Amino acid sequence: MIDPALKGTENVFGSCAKSPCVKRVIFTSSVAAVLRNGRPITSETVVDETWFSTPEACKGQWGVRYVSLCFVCHLVLELCLE
């Protein structure tokens, strides 16, 4: 489940990068992307791209679907920074 999610994400972003028509890609994820990272969350916490869940934190508490979401979100961030 993780490998197809990563390959599919790479394929979509790769196709978008090659297309002269695509100006912007909006990636919508899940609360799973930012909910588990081992850090305490308070009312002062700013949740942004530095707050992504870690696969290690997801593995212990959630199933493979959430672990794959963690990997995909990390991959999307890497692809966007390229």
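Each chain carries its own residue numbering, running from 1 in the written order of its sequence. Residues qualify for local features only when their pLDDT is at least 70, as the model is predicted, and side-chain atom pairs are given and counted only at 80 or more; totals for whole chains, interfaces and linings, by contrast, use all residues. Only hydrogens and water are removed before side-chain values are computed, so all heavy atoms of the structure are retained for them.

A short note on the overall build of the protein chain
Part 1 of the reasoning: The helix count covers DSSP runs of H or I at least four residues long, the strand count covers runs of E at least two residues long, and both are numbered beginning at the N terminus. Broken down by element type, the protein chain carries four helices and zero strands.
Part 2 of the reasoning: Secondary structure elements in the protein chain, listed N-terminal to C-terminal, are α-α-α-α.
Part 3 of the reasoning: Counting contacts in the protein chain only where the partners sit at least 6 residues apart, residues at least 24 apart contribute 46% of the total.
Part 4 of the reasoning: In this description, accessible areas are obtained by the Shrake-Rupley approach with a 1.4 Å probe, and a residue is regarded as covered only by the protein chains that are shown. Entry remark: accessible area of the protein chain is about 5900 Å², with carbon and sulfur atoms responsible for 58%. Any two residues whose heavy atoms approach within 4.5 Å are treated as being in contact.

Side note on helix H1 (residues 2–18)
Part 1 of the reasoning: An ideal rise of 1.5 Å per residue puts 24 Å on 17 residues; H1 measures up with 25 Å between its terminal C-alpha atoms.
Part 2 of the reasoning: Looking at H1, one finds that the buried residues are Thr9, Phe13 and Cys16. For H1, the arc enclosing every buried residue in end-on projection is 55°, short of the 170-degree limit, so these residues lie on one face. The outward face of H1, more than 90 degrees from its buried face, is lined by the exposed residues Pro4, Asn11 and Lys18. Expected helix span is given by 1.5 Å per residue-to-residue step, counting one fewer step than there are residues. The buried label applies to any residue whose accessible area, calculated with a 1.4 Å probe on protein chains only, is under 20% of its type's maximum; exposed applies above 50%, and partly exposed to all values in between. Here the arc refers to the set of directions running from the helix axis out to each C-beta atom.

What to know about the pattern of salt bridges
Part 1 of the reasoning: A carboxyl oxygen of Asp or Glu within 4 Å of a side-chain nitrogen of Lys or Arg is what we treat as a salt bridge. Considering all chains together, one arrives at one salt bridge under this definition.
Part 2 of the reasoning: A salt bridge links lysine 7 to aspartate 3; its shortest N-O distance comes to 4.0 Å. Taken as a pair, lysine 7 and aspartate 3 lie in helix H1 at a separation of four residues, close to a single helical turn.

Structural notes on the side chain of threonine 9
Part 1 of the reasoning: Secondary-structure assignment places threonine 9 in helix H1.
Part 2 of the reasoning: Looking at threonine 9, the relative accessible area reads 11%, which means it is buried.
Part 3 of the reasoning: Among all residues touching threonine 9, those that are not within four sequence positions of it are Val72, Leu75, Val76 and Leu79.

Things to note about the confidence of the model for the protein chain
Part 1 of the reasoning: Residue-level confidence of the predictor is what pLDDT reports, using numbers from 0 through 100. Predicted confidence across the protein chain gives a mean pLDDT of 79, with 89% of residues reaching 70 or more.
Part 2 of the reasoning: When mean pLDDT is compared element by element in the protein chain, H1 scores highest at 86, while helix H3 (residues 55–61) scores lowest at 69.

Remarks on the environment of threonine 50
Part 1 of the reasoning: With respect to the element layout, threonine 50 can be found in the loop between helix H2 (32–35) and H3.
Part 2 of the reasoning: By relative accessible area, which is 55% here, threonine 50 ends up exposed.
Part 3 of the reasoning: Here the alpha-carbon distance between threonine 50 and valine 34, two residues 16 residues apart in the chain, equals 9.0 Å.

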